[in-house]
Amino acid sequence: MPVIEDEATFEATVAGNDRIEPRDWMPEGYRRTLVRQIAQHAHSEIIGMQPEGAWIGRAPSLRRKAILLAKVQDEAGHGLYLYSACETLGVTRAELTDMLLSGKQKYSSIFNYPTPSYADVGTIGWLVDGAAICNQVPLCRTSYGPYGRAMIRICKEESFHQRQGYELLMTMMRGTDEQRAMVQESVDRFWWPSLMMFGPPDVESPNTARSMAWGIKRNTNDELRQRFVDMTVPQAEALGVTLPDPDLRWNPDRGAYDFGQPDWSELKRVVSGEGPCNAERMAHRTRAHEDGAWVREAAAAYAGQR
Ligand code: BYC
């Protein structure tokens with residue numbers, strides 16, 4: 001039985017920071033915003049398996065291979081929790097997959113960059129998963145119950161992912177000059193795309209105000225980007241790498257780091273399909289979906305017999 005049956009109770013529940021559950025009454029815009037955000041988040045987890053997955057067969061030791069395999073499998077799991085949370089809003093998994101494959105729904109810009117160096121596995125763990133943690137910890141308190149509960153487990157696993165990346169980079173930094181150069185080159189490529197993961201600046205973000213009023217997002221894009229920079233600079237110093245931003249410096253008045261702006265036209269290009277690897281990522285995902293048709297047919301036939 002729904003507990004919330006009208007708009008006034010819905011608004012009071014959201015204002016009181018309580019959860020909305022699947023059977024509750026909710027405005028159509030709230031439902032649509034959740035489907036958009038959760039689905040795009042799920043697609044990002046699934047597409048996000050590709051850049052690192054490419055290194056599983058080339059990991060330099062059995063230990064590194066086992067860690068990477070576990071991490072990439074975790075991303076698949078995250079995608080599945082999120083698709084399940086999304087299905088509670090009345091969409092099917094097949095519809096969500098169609099929206100990804102037809103380009104109607106997006107996935108995170110960050111996964112359209114290549115991973116030509118093994119150091120990229122460490123950098124993705126450190127910077128990309130680090131950015132993901134900053135963005136996703138507040139989502140554990142999102143107003144929609146199934147999404148918030150999925151995020152709790154996801155965040156625990158993301159923190160393992162971030163630490164494995166940092167540990168990998170730390171090991172390389174203790175190695176040869178060539179290994180140190182590999183780490184720096186990788187950080188130089190991933191720094192600005194990592195800042196773009198938080199979305200456009202607040203003044204250019206069409207969805208933030210409404211999503212915050214509904215308690216779907218708990219912080220703005222710029223607030224989380226700042227939190228990420230403040231968290232990452234001391235980690236870069238401990239690691240011994242330079243972040244490629246000449247404007248990066250501590251601002252004692254703000255008690256935070258000032259930093260330069262990413263090239264926002266690049267984010268627009270990557271999101272609209274013109275990033276370095278968009279075509280490759282979608283072709284791979286489409287092929288994997290087609291190759292899995294027999295599994296879906298067998299599962300449906302088996303379910304039909306029961
Ligand atoms: N990439 O009004 P805005 C992971 C879109 S998974 C692509 O600020 P919103 C991981 C945005 O969707 C990482 N698109 O939007 C996985 C919107 O377009 P639509 C994914 C972006 O929703 C595996 C338009 O631009 N994390 O970390 O209020 C391995 C205007 O933006 C991007 C999540 O999905 C972008 N970077 O805020 C390792 C977290 N930025 O939809 C790691 C959940 C913006 O209107 N999502 N757009 O056509 C969110 O927190 C929010 O959706 C965002 C954007 C902060 C991303």
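For the structure, check the block above.
A few points on the structure.

Calculation criteria
- Residues numbered from 1 in each chain as written.
- Predicted model: local features only at pLDDT ≥ 70, side-chain atom pairs only at ≥ 80, totals over all residues.
- Heavy atoms only, no water.
- Helix = DSSP H or I, 4+ residues; strand = E, 2+ residues; numbered from the N terminus.
- Rg over C-alpha atoms; globule rule 2.2 N^0.38 Å.
- Buried < 20%, exposed > 50% of the residue type's maximum accessible area, 1.4 Å probe, protein only.
- Contact = heavy atoms within 4.5 Å.
- Areas by Shrake-Rupley, 256 points an atom, 1.4 Å probe, with all protein chains shown as cover.
- Lys, Arg positive; Asp, Glu negative; His and termini not counted.
- Charge placed at Lys NZ, Arg CZ, Asp CG, Glu CD.
- Near = heavy atom within 4 Å.
- Polar contact = N/O pair within 3.5 Å; in protein donor to acceptor, adjacent residues only side chain to side chain.
- Core = buried A, V, L, I, M, F, W, Y, C linked by side-chain atoms within 4.5 Å.
- Expected span 1.5 Å × (residues − 1).
- Salt bridge = Lys/Arg side-chain N within 4 Å of Asp/Glu carboxyl O.
- Axes fitted to C-alpha atoms, helices over the stretch in contact; angles between N-to-C directions.
- Parallel < 35°, antiparallel > 145°, perpendicular 65-115°, else oblique.
- Nonpolar A, V, L, I, M, F, W, Y, C, P; charged D, E, K, R; others polar.

The next thing to look at is the overall build of the protein chain. Scanning the protein chain from N- to C-terminus turns up 13 helices and two strands. The globule rule puts the C-alpha radius of gyration for 306 residues at 19 Å, and the 20 Å found for the protein chain is close to it. Here the C-alpha coordinates of the protein chain stretch approximately 65 × 55 × 30 Å along the principal axes. Taking all 306 residues of the protein chain together, the buried fraction comes to 51%. Here the contacts in the protein chain between residues at least 6 apart in sequence split such that 76% fall between residues at least 24 apart. By element, 56% of the accessible surface of the protein chain is carried by carbon and sulfur atoms, the whole surface being about 14,800 Å². Each charge class in the protein chain can be summarised by its mean position, and for the 35 positive and 41 negative side chains these summaries are 4 Å apart.

What follows deals with the site of the ligand. In the vicinity of the ligand lie 31 residues, with K106, S109, S205, K217 and N221 positioned nearest. One of the side-chain nitrogen or oxygen atoms of Q40 is found 3.1 Å away from an oxygen atom of the ligand. Only α2 (28–47) and α6 (119–136) provide two or more residues apiece to the shell around the ligand. It is α2 that provides the largest number of residues to the shell around the ligand, a total of six residues.

Attention now goes to the nonpolar core. The biggest cluster of nonpolar side chains holds 47 residues, and the ones touching the most others in it are W126, V183, F228, V229, L239, V241 and L243. Going through the elements one at a time, α4 (62–87), α6, α7 (145–173), α8 (177–196), α10 (221–239) and α11 (264–274) are the ones with two or more residues in this core. Looking at this core element by element, the count peaks at eight residues for α6. By size, the runner-up hydrophobic cluster in this structure holds 28 residues, among which are I4, A42, A85 and C140.

Now for α2. Compared with the 28 Å implied by 1.5 Å per residue over 20 residues, the 28 Å span of α2 between its first and last C-alpha is a close match. In terms of residue burial, α2 counts as a mostly covered element, since 16 of its 20 residues are buried.

This next bit is on the pattern of salt bridges. Per the stated rule, a full pass over the model turns up 15 salt bridges. Between E185 and R189 there is a salt bridge whose closest N-O contact spans 2.8 Å. Pair noted here: E185 and R189 are both in helix α8, with a separation of four residues, about one helical turn. A residue is classified by how much of its surface remains accessible, and R189, at 26% relative accessible area, is partly exposed. A salt bridge links E280 to R281, with the nearest nitrogen and oxygen atoms 3.6 Å apart. Assessed through its relative accessible area of 5%, R281 is described here as buried.

Contact geometry for α8 and α11: axes closest at 10 Å, N-to-C directions at 75°. Classified by the interaxial angle, the pair formed by α8 and α11 is roughly perpendicular. Contact with α8, carried on its side by P193, L195 and M196, involves W264, E266 and L267 of α11 and no other residues of that element. Split by residue class, the contact of α8 with α11 holds five nonpolar, no polar and one charged.

It is worth spelling out unusual backbone geometry at this point. Most peptide bonds take the trans form, and the phi angle of most residues other than glycine is negative. The backbone of N17 shows a phi angle near 60°, a positive value even though the residue is not glycine. The topology assignment puts N17 in the loop between α1 (7–15) and α2.

This part takes up the environment of H41. Mapped onto the elements of the fold, H41 is located in helix α2. Separated by 65 residues in sequence, H41 and K106 place their C-alpha atoms 8.8 Å apart.

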